[in-house]
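Given next are the chains, with one letter for each unit.
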Amino acid sequence: MTVVDTILVPLKRVVDANVRVRVKPDGSGMALDGVKMSINPFDEIALEEALRIRERGETGEVVVVSIGTQVWTQQLRAGLAMGADRAILVETDQELEPLTVARTLMALVEREHSELVILGKQAIDGDNNQTGQMLAAIWGRPQACFTSHLRFSDRVATAMREVDAGLEVIEVDLPAVVTTDLRLNEPRYTKLPDILKAKKKPLQTLSLAELNVDPEVQFRVLGIEPPPQRPSGVKVSDVAELVQALRQKGVV
Amino acid sequence: MARVLIVAEHDGRALNASTAKCVSCAASFAPSAIDIAVFASDGGAVAAQAAALEGATGVIRVDHPANENALAAVAAPQIAELSAGYTHVFGPSTTFGKDLMPRVAALLGVGQLSDIMNAESAWRFKRPFYAGNAILTVEAPEDRPVVATVRTASYQAAEDSGNAPISQRTIETELPTHTRYVELRSDSGGGRPDLQTASRVVSGGRGVGSSENFQIIERLADALGAAVGASRAAVDAGYAGNDLQVGQTGKIIAPDLYIAVGISGAIQHLTGIKDAGVIVAINKDSEAPLFEVADIGLVADLFAAVPELAEALGEQARSGS
Ligand SMILES: Cc1cc2nc3c(=O)[nH]c(=O)nc-3n(C[C@H](O)[C@H](O)[C@H](O)COP(=O)(O)OP(=O)(O)OC[C@H]3O[C@@H](n4cnc5c(N)ncnc54)[C@H](O)[C@@H]3O)c2cc1C
Ligand SMILES: Cc1cc2nc3c(=O)[nH]c(=O)nc-3n(C[C@H](O)[C@H](O)[C@H](O)COP(=O)(O)OP(=O)(O)OC[C@H]3O[C@@H](n4cnc5c(N)ncnc54)[C@H](O)[C@@H]3O)c2cc1C
């Protein structure tokens with residue numbers, strides 16, 4: 001039974017999780033030239049969940065959306081190859097703050113009449129962990145953040161959330177926003193024929209102006225620096241030496 | 001002059017230590033007020049603990065049946081209403097605060113700052129991003145409230161020698177019913193210290209091999225009176241509960257002693273332990289990246305070394321030295 005007609009899944013293009021990025025020597029930003037880029041891992045999990053919901057017949061379509069430059073269509077195409085039905089790029093070359101991203105997603109929710117947005121709990125570059133919560137606030141709808149299990153019954157979603165104290169179960173009425181944690185699912189691998197098929201799926205481009213979103217900047221970046229390095233340590237050769245070293249440090 | 005409102009984290013009975021860290025962060029830029037808001041069904045006990053925090057200037061109790069369990073969608077509009085007259089609204093960068101504070105910010109129509117690790121002034125902050133591979137200095141505008149989460153690992157808890165006045169407030173805002181708490185499932189702990197606040201932590205990784213073997217980690221933790229932690233790989237494999245994950249997407253901790261066993265030291269793990277006092281790595285692979293940040297490294301098979309270490313430390317505890 002269909003629960004919602006359209007699920008929106010935002011995809012952020014980020015530096016691949018396996019790349020170790022560094023601050024540029026002049027502190028002007030991160031050294032990202034030629035670095036491998038991927039879909040934010042949490043967003044891949046969000047898309048996988050949306051596809052499974054569609055496979056259970058609980059939604060009609062899954063739409064992936066990105067707010068970024070033309071190259072972000074690489075990640076949108078990857079999302080289409082994974083199985084999304086269509087894609088929307090909101091084209092901008094500005095560094096957007098999470099509130100602006102949330103406002104843009106709100107405009108897309110209205111435009112697409114979506115009743116469920118599933119997105120990553122955090123982007124592994126910005127590490128803000130804000131966008132989903134902000135979207136839910138602007139929308140005036142529930143949020144189920146850090147979700148590791150999700151099921152629907154009628155117009156109610158039951159979510160299990162990974163919280164500091166363990167696993168919390170909440171119920172939310174739809175429409176709603178869900179943010180994903182790592183253990184929600186394991187994303188599928190894309191097969192070659194799907195990559196070819198994805199090229200024919202619709203990809204629409206919009207602008208922030210068309211969506212009436214003002215990309216205001218509130219926080220001024222004054223500098224970026226590498227983290228302080230820990231002084232290098234010692235190797236000990238056996239447990240007795242380890243105990244001695246721990247005593248010397250005064251920690252046991 | 002800055003006036004800070006801090007949202008207390010608690011479980012209905014006890015104030016979470018993260019709140020005392022938010023107070024320390026706020027106190028570092030000497031605002032004229034540091035008030036702590038306690039949302040609960042009956043906040044008496046928690047409010048009393050909050051009032052004792054050194055540096056707090058007041059505690060505001062908001063008692064309401066809807067505040068029985070913390071739900072961001074229910075708390076956020078109350079905080080938004082309460083925030084009038086404050087220049088700053090802070091919460092901890094725990095799952096409680098991360099869930100809640102962006103919602104508060106968006107209701108107020110402002111951005112949010114995540115994970116403050118240092119306040120250079122009331123409007124200038126440092127925060128980590130890229131899994132802690134870089135530190136950003138940002139300035140917030142003075143004409144809007146600063147809504148932020150405080151990276152708890154960066155601050156010492158405020159002492160509890162204070163005595164702030166407690167007041168009661170009733171909130172006018174209508175509260176949503178679209179979000180409902182069902183239950184909390186918590187299986188870990190076993191009487192051990194809390195991972196987030198423990199002064200000693202022993203963590204196990206994929207190298208431990210199975211959930212039965214994880215007892216080796218637990219025994220060492222018990223010999224030290226330490227909390228137990230885990231890498232993501234260990235949690236994914238079911239050796240340990242999700243609430244024990246340390247790292248970029250788990251808990252960021254700062255114990256005096258951190259012992260990592262059978263953990264390779266991926267960047268996402270290291271970002272969770274950067275502020276630990278002494279880091280010890282036990283790994284059979286001398287090339288494991290964890291050795292690059294460890295203060296003390298032991299290249300050894302964990303199945304031999306860890307029981308031996310537990311034995312040696314347990315003996316020390318028994319002989320009272
Ligand atoms: C002046 C300035 C300079 C900055 N410099 C840098 C920098 O050098 N490096 C850097 O990484 N960040 C920088 N940022 C921040 C960067 O723009 C953040 O990535 C942005 O604020 C979003 O935060 P986040 O991705 O961490 O959000 P989160 O809240 O962590 O993201 C959660 C989820 O939101 C969705 N989402 C977020 N953004 C998008 C998007 N654009 N399209 C589709 N979905 C999205 C994704 O589903 C994601 O999983 C800068 C910001 C400003 C204002
Ligand atoms: C988006 C994202 C977020 C992530 N967030 C986190 C996070 O928050 N926390 C986290 O920990 N990880 C996180 N990860 C995963 C991280 O990248 C690593 O995969 C993970 O930390 C590896 O765990 P491990 O060190 O236990 O396993 P492995 O890397 O497999 O290391 C196992 C180690 O055990 C050693 N070993 C094996 N047998 C023995 C033995 N008998 N004696 C001694 N040593 C032995 C091996 O030499 C090896 O070094 C994240 C990844 C992604 C993509």
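Keep in mind that what you see is a predicted model, and the values were worked out from it rather than measured.

Residues and elements named next belong to chain B. Considering the arrangement of structural elements, one finds Gln215 in helix α5 (residues 214–224). For Gln215, a relative accessible area of 42% corresponds to the partly exposed category. In this structure the C-alpha to C-alpha distance between Gln215 and Tyr239, which are 24 residues apart in sequence, comes to 9.6 Å.

Residue and element names in this part refer to chain A. Lining the immediate environment of ligand 1, one finds 28 residues, of which Lys12, Asp43, Ile67, Leu96 and Thr131 sit closest. At a separation of 2.7 Å, an oxygen atom of ligand 1 approaches a polar backbone atom of Leu96. Here Thr131 contributes a side-chain N or O atom positioned 2.8 Å from an oxygen atom of ligand 1. Calculation on ligand 1 without its partners gives an accessible area of 940 Å², and the protein chains cover 88% of this total. Counting residues per element, the ones that place at least two in the shell around ligand 1 are β4 (59–68), α3 (98–112) and β6 (116–120). Tallying contributions element by element places β4 first for the shell around ligand 1, with three residues. Considered class by class, the residues forming the shell around ligand 1 number 13 nonpolar, nine polar and six charged.

What follows concerns unusual backbone geometry. In this chain, Leu174 of chain A is followed by Pro175 of chain A through a cis amide linkage whose omega measures 0 degrees. With respect to the helices and strands, the residue Pro175 of chain A is situated in the loop between β9 (166–173) and β10 (176–180). With a phi close to 55 degrees, Asp127 of chain A is a non-glycine residue in the positive phi region. By secondary structure assignment, the location of Asp127 of chain A is in the loop between β6 and α4 (131–139). Even without being a glycine, Tyr130 of chain B presents a positive backbone phi close to 50 degrees.

Let's shift gears to the pattern of salt bridges. Here the structure, examined in full by the defined rule, presents 34 salt bridges over all chains. The partner of Glu139 of chain B in a salt bridge is Arg220 of chain A, with the nearest N and O atoms 2.8 Å apart. Of this pair, Glu139 of chain B sits in strand β8 (residues 134–139) while Arg220 of chain A is found in strand β12 (residues 220–225), placing the two residues in two different chains.

Residues and elements named next belong to chain B. The parallel open sheet is built from seven strands, whose spatial order is β5-β9-β4-β1-β2-β3-β10. Each of the sheet's edge strands pairs with one partner strand only, and the pair in question is β5 (112–116) and β10 (166–168). Each adjacent strand pair in this sheet contributes to an overall mean axis angle of 25 degrees, direction not counted. Pairing of β5 with strand β9 (residues 146–150), which is carried by three bridges, proceeds in the parallel orientation. Across the sheet, Gln112 pairs through a bridge with Val147, a residue of β9. Strands β2 (33–40), β3 (58–63) and β10 of the sheet are contacted by helix α2 (residues 44–51), whose axis makes an angle of about 165 degrees with β3.

Each value, and the rule that gives it
Residues numbered from 1 in each chain as written. Chains lettered and ligands numbered in written order. Predicted model: local features only at pLDDT ≥ 70, side-chain atom pairs only at ≥ 80, totals over all residues. Heavy atoms only, no water. Helix = DSSP H or I, 4+ residues; strand = E, 2+ residues; numbered from the N terminus. Buried < 20%, exposed > 50% of the residue type's maximum accessible area, 1.4 Å probe, protein only. Near = heavy atom within 4 Å. Polar contact = N/O pair within 3.5 Å; in protein donor to acceptor, adjacent residues only side chain to side chain. Areas by Shrake-Rupley, 256 points an atom, 1.4 Å probe, with all protein chains shown as cover. Nonpolar A, V, L, I, M, F, W, Y, C, P; charged D, E, K, R; others polar. Salt bridge = Lys/Arg side-chain N within 4 Å of Asp/Glu carboxyl O. Pairing = 2+ DSSP bridges. Axes fitted to C-alpha atoms, helices over the stretch in contact; angles between N-to-C directions. Contact = heavy atoms within 4.5 Å.

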